[in-house]
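Results of the structural survey
Below, each chain spelled out in residue letters.
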Amino acid sequence: MAVSSTQVQFDSLFGLFTYLAIAVSIIVFSLLIYFVVKYRDKPSSRQPDDTPILGKVPPSRGHARSVVVTVSLSTIILVALIIGSFGAIDNILSPPAPSQVCDGCSVLVTGHQFYWNFAYPNGHSDNLVLRVPLGNSIRLNVTSADVFHDFGIIGLDIKTDAIPGRTNVMWFTTYKAGNFTIQCFELCGIGHATMKGILNVVDETTFQQWYTHTRITCSPSSVAVNQTSQCTALLSDSSPSGLGLTPKGNVTFSTPALGYFNTRTCTLMAGTSKGTASCSVLYTPTAAGTGSARITSVYGGDPTQSDSSGNTAILIA
Ligand SMILES: [Cu+2]
């Protein structure tokens with residue numbers, strides 16, 4: 001069963017080359033054997049008319065038709081391979097625009113020594129799992145935070161370089177649910193061999209529930225040192241039944257940046273629209289640090305809701 005559009009494309013191109021090569025080999029080797037047997041040396045054999053003799057111009061062989069046929073055949077085969085190859089390259093280099101793919105189907109992939117980070121438009125970030133929906137075109141913007149890496153997905157027959165300061169776009173359409181191994185294909189240091197990730201292809205409903213049911217926003221999104229920002233985690237129903245159940249429980253906030261929360265945990269309160277709940281904490285940065293603080297909210301789930309997390313960045317002036 002086909003796994004992805006890229007795998008289908010690679011297989012058909014590989015098939016075109018392989019079958020043509022097999023057909024040509026069969027013809028060439030059959031003729032070779034036939035001629036070896038037919039024109040083998042016999043007692044009655046005589047020297048061919050065009051045997052080179054010193055000081056004599058050999059007569060023309062007069063096989064113009066054979067030459068035209070073989071050159072034409074070779075040309076047709078080469079043109080077929082060129083058209084197939086360039087068609088595949090054109091497809092690989094024509095990704096859908098970010099606006100043409102689903103919410104959450106355009107992901108920033110950043111190579112680090114020695115892991116891959118996957119950052120989604122909603123702020124979700126993961127250092128191991130790239131989760132995408134089945135039956136959708138996926139657009140990956142691949143770059144690197146340090147040295148050269150190469151992002152490849154085994155089974156999907158696709159990879160591209162991850163280069164600092166440059167973004168290479170990779171795209172494919174998922175045809176099969178399941179886990180696929182992501183691997184770095186460019187020797188990037190001592191941990192290169194362990195630089196792996198997981199492509200997790202799930203059905204579209206599961207993906208949308210996972211993707212949209214936690215959002216975190218901080219207001220204001222840009223603050224000065226010692227100025228307070230209010231961070232709100234908004235959860236929407238992720239129950240499989242889709243009944244619009246209200247998420248219940250606590251949300252825990254954290255950040256690696258220098259600063260403090262008024263409380264790290266808040267209890268969800270039902271929102272005005274059905275199946276939503278939210279709660280807020282206050283965050284105050286105590287140093288500018290790298291110029292931003294990444295705030296992560298983690299929801300542990302409840303009997304009807306799956307766990308989820310979201311994150312966002314506050315700019316610190
Ligand atoms: Cu590597």
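For the structure given in this document, a descriptive report is provided here. (Residues numbered from 1 in each chain as written. Predicted model: local features only at pLDDT ≥ 70, side-chain atom pairs only at ≥ 80, totals over all residues. Heavy atoms only, no water.)

**Digging into the sheet that holds strand S2 (residues 115-119)**
Definition in use: A pair of strands is treated as paired once DSSP finds two or more bridges between them. Put simply, DSSP H or I for four residues or longer makes a helix, DSSP E for two residues or longer makes a strand, and each gets a number counted from the N terminus.
Read across the sheet, 5 strands follow the order S3-S2-S1-S5-S8 without closing on themselves; strand pairing throughout is mixed. The open sheet is flanked by strand S3 (125-126) and strand S8 (168-173), the only strands paired with a single partner. Strand direction decides the pairing type here: strand S1 (residues 106-112) and strand S5 (residues 137-144), joined by 6 bridges, are parallel. If you follow Val109 over to S5, its bridge partner there is Val142.

**With respect to helix H1 (residues 5-38)**
Quick note on the threshold: The span you would expect from a helix comes to 1.5 Å times its residue count less one. Categorising residues by exposure relies on relative accessible area from a 1.4 Å probe, with only protein chains included: less than 20% of the type maximum marks a residue as buried, more than 50% marks it as exposed, and the intermediate range marks it as partly exposed. Whether two residues are in contact is decided by their heavy atoms: any pair within 4.5 Å suffices.
Helix length check: H1 (34 residues) gives 49 Å between terminal C-alpha atoms against 50 Å at 1.5 Å per residue, within 8%. Restricting attention to buried positions, one finds in H1 the residues Ser5, Thr6, Gln7, Gln9 and Gly15. Tucked inside the fold, the buried residues of H1 contact helix H2 (64-92), strand S7 (158-162) and S8.

**Considerations on the pairing of strand S18 (residues 276-285)**
Of all the 10 residues making up S18, 7 are buried; the element is thus mostly covered by neighbouring parts of the structure. Note: strand S13 (residues 229-236) against S18, 8 bridges, orientation antiparallel. By the bridge assignment for S18, Ser236 is matched with Thr276. Pairing geometry for strand S17 (residues 269-270) and S18, over 2 bridges, is antiparallel. Within the sheet, the bridge partner assigned to Met269 lies in S18 and is Ser278. From the end of S17 to the start of S18, which pair antiparallel, there are 5 residues, and Gly275 there has a positive phi angle of about 75°.

**Notes on the pairing of S2**
Where S1 meets S2, 5 bridges bridge the pair, whose relative direction is antiparallel. Each residue of the ladder has a partner; that of Gly111, found in S2, is Trp116. In sequence, S1 turns back onto S2 through a hairpin of 2 residues. Here 2 bridges tie S2 to S3, and the two strands are oriented antiparallel to one another. Residue Phe118 lies in a different strand from S3, and its bridge partner there is Asp126. In this structure, the hairpin formed by S2 and S3 is closed by a connection of 5 residues, where Gly123 is found at a positive phi of approximately 100°.

**Here's the deal with the sheet that holds strand S10 (residues 196-202)**
Which entries qualify depends on this criterion: A fitted line through C-alpha atoms represents every axis, and for helices the fit uses only the stretch in contact; the resulting angles, taken between N-to-C directions, go from 0 to 180 degrees.
Reading across the sheet, the 5 strands line up as S4-S10-S9-S6-S7 and stay open at both edges, with mixed pairing between neighbours. Strand pairing shows two members of the sheet lacking a second neighbour, strand S4 (129-133) and S7, which therefore form its edges. Neighbour-to-neighbour, the strand axes of this sheet turn through a mean angle of 20°, independent of strand direction. Pairing analysis gives 5 bridges linking S4 to S10, with the strands arranged parallel. When the bridges of S10 are listed, Val132 appears paired with Val201.

**A word on the coordination of the copper ion**
Counted only if it meets this: Ligating atoms shown are N, O and S within 2.8 Å of the metal, or 3.2 Å for Na, K and Ca, and water is not included, meaning a site may look less than complete. Working rule for geometry: tetrahedral if four donors all subtend angles between 85 and 135 degrees; square planar for four, octahedral for six, if opposite donors exceed 155 degrees and the others stay between 65 and 115; irregular in every other situation.
Around the copper ion, the protein contributes the donor atoms Cys184 (SG), Glu186 (O), Cys188 (SG) and His192 (ND1), at 1.9 to 2.6 Å from the metal centre. For the copper ion, the 4 donor atoms are set out with angles of 84 to 128° between them, so the coordination reads as irregular. The exposure class assigned to Cys188 is buried, which follows from its relative accessible area of 7%.

**Quick look at the packing of H1 against H2**
Worth spelling out the cut-off: Here the word oblique covers every angle except those under 35 degrees (roughly parallel), over 145 (roughly antiparallel) and from 65 to 115 (roughly perpendicular). Classification convention: Asp, Glu, Lys, Arg as charged; Ala, Val, Leu, Ile, Met, Phe, Trp, Tyr, Cys, Pro as nonpolar; all other residues, Gly among them, as polar.
For the pair H1 and H2, interaxial distance at closest approach is 10 Å and the crossing angle is 170°. By the angle between their directions, the pair H1 and H2 is classed as roughly antiparallel. Counted together, Gln9, Leu13, Leu16, Phe17, Leu20 and Val24 of H1 and Ile77, Ala80, Leu81, Gly84, Ser85, Gly87, Ala88, Asn91 and Ile92 of H2 form the full contact between these two elements. Of the residues in the contact of H1 with H2, the class split is 10 nonpolar, 5 polar and no charged.

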